[in-house]
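A look at the structure
Given next are the chains, with one letter for each unit.
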Amino acid sequence: MDTQPVVILGIESSCDDTSAAVITNGIIRSNIVSSQSVHEKYGGVVPELASRAHQQNIVPVVDTAIKEAGYTPADISAIAFTRGPGLLGSLLVGTSFTKGMAMALNIPMVEVNHLQAHVLAHFIKDDENDTNQPTFPFLCLLVSGGHSQIVLVRSHSDMEIIGTTIDDAAGEAFDKCAKVMDLGYPGGPVIDKLAKEGNADAFQFNKPRIEGFNYSFSGLKTSFLYFLRDRMKENSNFIEENKEDLCASLQRTIIEILMSKFNKAVKETGVEEIAVAGGVSANSGLRTALEQYAAKHKKKLFVPPFGYTTDNAAMIAITGYFKYLRKDFSSHDIAPLARMPF
Amino acid sequence: MQFTVHNVDELESVAKKMVENTGPHTVWAFYGEMGAGKTTLIQRICKALGVTQQVSSPTFNLINEYDAGAHKMVYHFDYYRLNDIDEAFNIGTLEYVDSGHLCLIEWPEKAESLLPENRRNVTITVEGDTKRQIKISDYD
């Protein structure tokens, strides 16, 4: 019997952050993101938001992930990497690096879809006794700065996007409305904080009417913008005086939009378990709404730890782990895909 | 070219006219304040170009790529969250602009000097809650 542990190195470089992680038999060993203190050790600066920066980040980040996991490169069974979707220049760095390292170590490489990885982050185990995992089929609400999707998950390898945004993502609605209120960018966390002190029913904003399980947030952004413009004409201190109520009302509206389609999808698919993923799942209002929904409808809810909500390589490694078990490997002539079929 | 649209439904015919009179340039820069309808107009333009997949805001992703058939690509940029021109350079702006494929760019003012002068400028001015003035000028 093969008792060798399966050690997967995951590499994520689809957008802003370079990240590397190590997962052994499904259990997390390390998860390093470039914006952390890795650079201090190497004496470099952290360039923000530049795909060419991945080239500077990738060696220290991978090196740190392997060392922190207590391994040497020779211990790695396979390398999982984000093939897409994302920014082509950024994906190229991760893909090329993976090819070189896999070739040097003579181990397989495994391509991963970034969005599927967000969903499978729920299967990362903290330790051997961690059994808190969803059972199939379940529905995952994937909400971030770039995505707002409802995913029907039938197995580790069989997922379907049944609803998606037709314009802006939910996280973008938070961020852009925050910008209008001069709360900075990204402003999602600031809105969440101020919303706790405000009256969520103080103001009403338009909600979209679109078919199926799809989302739209562009209209809300415009309606919020014009509402503020009109009120500012009457009172130039309107935003300052009503900041908390504005944030609370806006957050309530975004959450209601998210939950209404999610509820519809849960009912029509008949799933018993639900999950949330992506950066917006850190929003406390959304977490509360999901918890209340799960309690009321007797569904089991899975909320990921904060470190697995934003872009990270642990989710790439766990997805790679399941593909490794199926021997679903990639060949060395593989190219990254800015658009990648789900 | 100049158009006055009174509501969002009229954008489809504007987009069709823009595509029919496509002009000599492959870089189209879309100016207009937040909520003016830059992404919405680009959605209609992509539809007129034959793009069948979902056209959504690239604010977070920075660049969305669409397939317009017959080996033609459409690159949809959004510089909104960029801090300076270096970042526009580092995401590969010049490679995309030189590709010969159509580049539709939101918030071009963030990196104007990186973009070719030989471009189409599209300026959307808000004149009412749903009324917009759309001015299109091709550099010559």
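Quick note: structure is the one above.
The sections below set out a description of the structure shown in this document. Treat the numbers as computed from the prediction; the structure is a model and nothing was measured. (Residues numbered from 1 in each chain as written. Chains lettered and ligands numbered in written order. Predicted model: local features only at pLDDT ≥ 70, side-chain atom pairs only at ≥ 80, totals over all residues. Heavy atoms only, no water.)

1. Focus: helix α10 (residues 314–325) of chain A
All names here are of chain A. Between its terminal C-alpha atoms α10 stretches 17 Å, which fits the 16 Å expected from twelve residues at 1.5 Å a residue. Listing the buried residues of α10 in full gives Ala314, Met315, Ile316, Ala317, Ile318, Thr319, Gly320, Tyr321, Phe322 and Lys323. As for α10, its buried residues are in contact with β1 (7–12), β2 (19–24), β3 (27–33), β4 (78–84), β5 (109–113) and α4 (114–120). Positive backbone phi, approximately 55°, marks lysine 327, located one or two places after α10. (Helix = DSSP H or I, 4+ residues; strand = E, 2+ residues; numbered from the N terminus. Expected span 1.5 Å × (residues − 1). Buried < 20%, exposed > 50% of the residue type's maximum accessible area, 1.4 Å probe, protein only. Contact = heavy atoms within 4.5 Å.)

2. Overview of the sheet that holds strand β7 (residues 148–153) of chain A
Residues and elements named next belong to chain A. Taken in spatial order, the five strands line up as β8-β7-β6-β9-β10 in an open sheet, and their pairing is mixed. Bordering the open sheet on either side are β8 (159–164) and β10 (300–302), each of which pairs with just one other strand. Strand-to-strand twist across the sheet, computed as the mean angle between neighbouring axes with direction ignored, equals 20°. Examined bridge by bridge, β7 and β8 share five bridges and lie antiparallel to one another. Residue pairing in the sheet places isoleucine 150 in a bridge with glycine 163 of β8. (Pairing = 2+ DSSP bridges. Axes fitted to C-alpha atoms, helices over the stretch in contact; angles between N-to-C directions.)

3. Focus on unusual backbone geometry
Residue and element names in this part refer to chain A. For the bond from glycine 84 to proline 85, the omega torsion is -10°, close enough to zero to count as cis. Among the secondary structure elements, proline 85 is positioned in the loop between β4 and α3 (88–105). Within the chain, lysine 327 stands out as a residue other than glycine whose phi angle is a positive 55°. As for its position among the elements, lysine 327 is in the segment after α10.

4. Considerations on the sheet that holds β1 of chain A
Residues and elements named next belong to chain A. Judged by pairing direction, the sheet is mixed, and its five strands sit side by side in the order β3-β2-β1-β4-β5 without closing on themselves. Both outer strands of the open sheet, β3 and β5, are each paired with one neighbouring strand and no more. Strand-to-strand twist in this sheet, taken as the mean axis angle between neighbours without regard to direction, amounts to 20°. Here β1 pairs with β4 via four bridges, running parallel. For leucine 9, the partnering residue across the bridge sits in β4 and is isoleucine 79.

5. Here's the deal with the interface of chain A and chain B
The partner chain B presents 32 residues to the 30 residues of chain A that form the contact. Across the interface of chain A and chain B, roughly 2600 Å² is buried in total on both sides, 52% from carbon and sulfur atoms. Where chain A touches chain B, the interface holds three salt bridges. Across the salt bridge formed by arginine 81 of chain B and aspartate 16 of chain A, the nearest N and O atoms sit 2.8 Å from each other. (Buried area = accessible area lost by both parts, 1.4 Å probe. Salt bridge = Lys/Arg side-chain N within 4 Å of Asp/Glu carboxyl O.)

6. Section: the pattern of salt bridges
Residue and element names in this part refer to chain A. The full count for this structure, using the stated rule, is 21 salt bridges over all chains. Close ionic contact of aspartate 328 with arginine 326 constitutes a salt bridge, the shortest N to O distance being 3.9 Å. Since its relative accessible area comes to 38%, arginine 326 is described here as partly exposed.

7. Overview of the packing of aromatic side chains
All names here are of chain A. Per the counting criterion, the structure on display carries 16 aromatic pairs over all chains. Taking 6.2 Å as the distance between ring centres and 50° as the angle between the ring planes, the aromatic pair formed by phenylalanine 123 and phenylalanine 138 counts as tilted. Of this pair, phenylalanine 123 sits in the loop between α4 and β6 (138–143) while phenylalanine 138 sits in strand β6, placing them 15 residues apart in sequence. Like phenylalanine 123, the residue phenylalanine 138 is buried in the burial classification. Taken together, a centroid distance of 5.6 Å and an interplanar angle of 55° make the contact between tyrosine 324 and phenylalanine 329 tilted. We classify tyrosine 324 as partly exposed; its relative accessible area is 21%. Looking at phenylalanine 329, the relative accessible area reads 37%, which means it is partly exposed. One aromatic cluster in this structure is built from Phe123, Phe136, Phe138, Tyr321 and Phe322. (Phe/Tyr/Trp six-rings, centres within 6.5 Å; stacked < 30°, edge-to-face > 60°.)

8. Overview of the pairing of β1 of chain A
Residues and elements named next belong to chain A. With six of six residues buried, β1 lies mostly within the body of the structure. Judged by which residues are buried, β1 turns out to be covered on both faces: Val7, Leu9 and Ile11 on one side and Ile8, Gly10 and Glu12 on the other are all buried. As paired elements, β1 and β2 share six bridges and run antiparallel to each other. Opposite valine 7, over in β2, you have threonine 24 as the bridge partner. Counting the residues in the hairpin turn of β1 and β2 gives six residues.

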